[in-house]
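One letter stands for each residue in the lines below.
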Amino acid sequence: MADNSVLKEGVRLYSDGDYEKALGFFLALPADCGADKNEISYYLGLCNAKLKRYDDALLYLEQVVTSGVSLEKTLQCRFLLAVIYVETGRKRLADFELTKLLDTGYMSASVYAAIAYIAWEQDDVSRCLDFYEKSLERDPDNISSLNGLGYVLACQDRDLTKALSLCKQAVKLSPTSAACLDSLGWVYYKMGLYDDAMQYLQKAEQIDGESTEIADHIQSVRIRTRR
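Note that the coordinates shown come from a computational prediction; the quantities given were computed from them, not determined experimentally.

A. Fine view of the overall build of the chain. The secondary structure content of the chain amounts to 13 helices and zero strands. Each helix and strand of the chain, ordered N terminal to C terminal, gives the series α-α-α-α-α-α-α-α-α-α-α-α-α. Once the C-alpha set of the chain is aligned to its principal axes, its extents read approximately 70 × 35 × 25 Å. The 227 residues of the chain split such that 45% are buried. Long-range pairs, those at least 24 residues apart, make up 46% of the contacts in the chain between residues at least 6 apart in sequence. For the chain, the accessible surface area stands at approximately 12100 Å², while carbon and sulfur atoms represent 47% of it.

Right, here's the structure in full:
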């Protein structure tokens, strides 16, 4: 029987947020340490994901998913795979993993939000709106869905009052999020309230000065106001 007590220090380092040291700990474990290999792969996958070393994370997370260890860990790793695929632009693979999660009955607000985001990237507005709504039904304070739904409604010029309410709530919950500030600014722009729009868009730019989307939104306001 595997002895996972040898993993205690690495688990502690991971729980404390010291992902670099935790990764080093798990990598340094000898092959005959006695711990369950799938448990080691699980933590190696989590550490690499936190450190945004996505290729390595995918390798270990896929091992956990295919090993069929505990259902809870399998579902968690499958969701992380989907997130990494989204981050690295592999939308079809992300959609595959998320669909697999839905097939198992794992219908969390985060899964619905991820599916909505992918649908938006694939220009499937109807599916996007549907899944953002489903996400908020499960978790009314899900920031990704509040922000995402508000932004999509604004882009589609649909129910701007609702879009404003959603984006305001997202900013209230995450006041330093460049994405949320940008979305709120974009809603104000769509409403023709350009001073308010510029206020929030510039705040977003101060946080994320490399975003081309934020820069484009600011330029749109300047064109309207000739600033």
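Still more ground to cover, so stick around.
B. Highlighting the packing of helix H12 (residues 194-207) against helix H13 (residues 212-225). The N-to-C vectors of H12 and H13 enclose an angle of 155°; their axes lie 10 Å apart at closest approach. By the criterion of interaxial angle, the relationship of H12 to H13 is roughly antiparallel. Judged by the sense of rotation from one axis to the other, the crossing of H12 with H13 is left-handed. In this structure, H12 contributes Tyr194, Ala197, Met198, Leu201, Gln202, Ala204 and Glu205 to the contact, and H13 contributes Ile214, His217, Ile218, Val221, Arg222, Arg224 and Thr225. Of the residues that constitute the contact of H12 with H13, the class distribution is eight nonpolar, three polar and three charged.

C. Up close: the packing of aromatic side chains. Inspection of the entire model under this criterion finds nine aromatic pairs. Taking the centre distance of 5.6 Å and the plane angle of 45° together, the rings of Tyr112 and Phe131 count as tilted. Here the residue Tyr112 occupies a position in helix H7 (residues 109-121), and Phe131 occupies one in helix H8 (residues 125-138), the gap between them amounting to 19 residues. On the basis of relative accessible area, Tyr112 is assigned to the buried category, the value being 8%. With 5.8 Å between their ring centres and 15° between their planes, Tyr188 and Tyr200 make a pair best called stacked. Placement of Tyr188 in helix H11 (residues 178-190) and of Tyr200 in helix H12 is noted, with a sequence separation of twelve residues between them. Tyr200 shares its class with Tyr188; the two are buried. In this structure an aromatic cluster arises from ring pairing among Tyr14, Tyr19, Phe25, Phe26, Tyr42 and Tyr43. Positioned above the aromatic ring of Phe131 is the side chain of Lys134, whose terminal nitrogen or guanidinium carbon lies 4.7 Å from the ring centre.

D. Region of the structure containing the nonpolar core. In this structure, Phe26, Ile40, Ile84, Leu98, Val111, Leu149 and Leu184 are the most contacted members of the largest nonpolar core, which totals 77 residues. Among all residues touching Leu149, those that are not within four sequence positions of it are Leu129, Tyr132, Glu133, Leu136, Lys162 and Leu166.

E. Molecular detail of the environment of Glu72. Its place among the elements puts Glu72 in helix H5 (residues 71-87). We classify Glu72 as exposed; its relative accessible area is 66%.

F. Quick peek at the pattern of salt bridges. Under the criterion given, the structure shown has nine salt bridges. When the shortest N-O distance is used, the salt bridge between Lys162 and Glu133 registers 2.7 Å. Taken together, the residues Lys162 in helix H10 (residues 160-173) and Glu133 in helix H8 connect sequence positions 29 residues apart. The exposure class assigned to Lys162 is partly exposed, which follows from its relative accessible area of 31%. Between Asp157 and Lys190 there is a salt bridge; the shortest N-O distance is 3.6 Å. One end of the pair, Asp157, is in the loop between helix H9 (143-155) and H10; the other, Lys190, is in helix H11, with 33 residues separating them in the sequence.

Cut-off values and rules
- Residues numbered from 1 in each chain as written.
- Predicted model: local features only at pLDDT ≥ 70, side-chain atom pairs only at ≥ 80, totals over all residues.
- Heavy atoms only, no water.
- Helix = DSSP H or I, 4+ residues; strand = E, 2+ residues; numbered from the N terminus.
- Buried < 20%, exposed > 50% of the residue type's maximum accessible area, 1.4 Å probe, protein only.
- Contact = heavy atoms within 4.5 Å.
- Areas by Shrake-Rupley, 256 points an atom, 1.4 Å probe, with all protein chains shown as cover.
- Axes fitted to C-alpha atoms, helices over the stretch in contact; angles between N-to-C directions.
- Parallel < 35°, antiparallel > 145°, perpendicular 65-115°, else oblique.
- Left-handed = near helix turned anticlockwise from the far one by under 90°.
- Nonpolar A, V, L, I, M, F, W, Y, C, P; charged D, E, K, R; others polar.
- Phe/Tyr/Trp six-rings, centres within 6.5 Å; stacked < 30°, edge-to-face > 60°.
- Lys NZ or Arg CZ within 6 Å of the ring centre and 35° of its normal.
- Core = buried A, V, L, I, M, F, W, Y, C linked by side-chain atoms within 4.5 Å.
- Salt bridge = Lys/Arg side-chain N within 4 Å of Asp/Glu carboxyl O.

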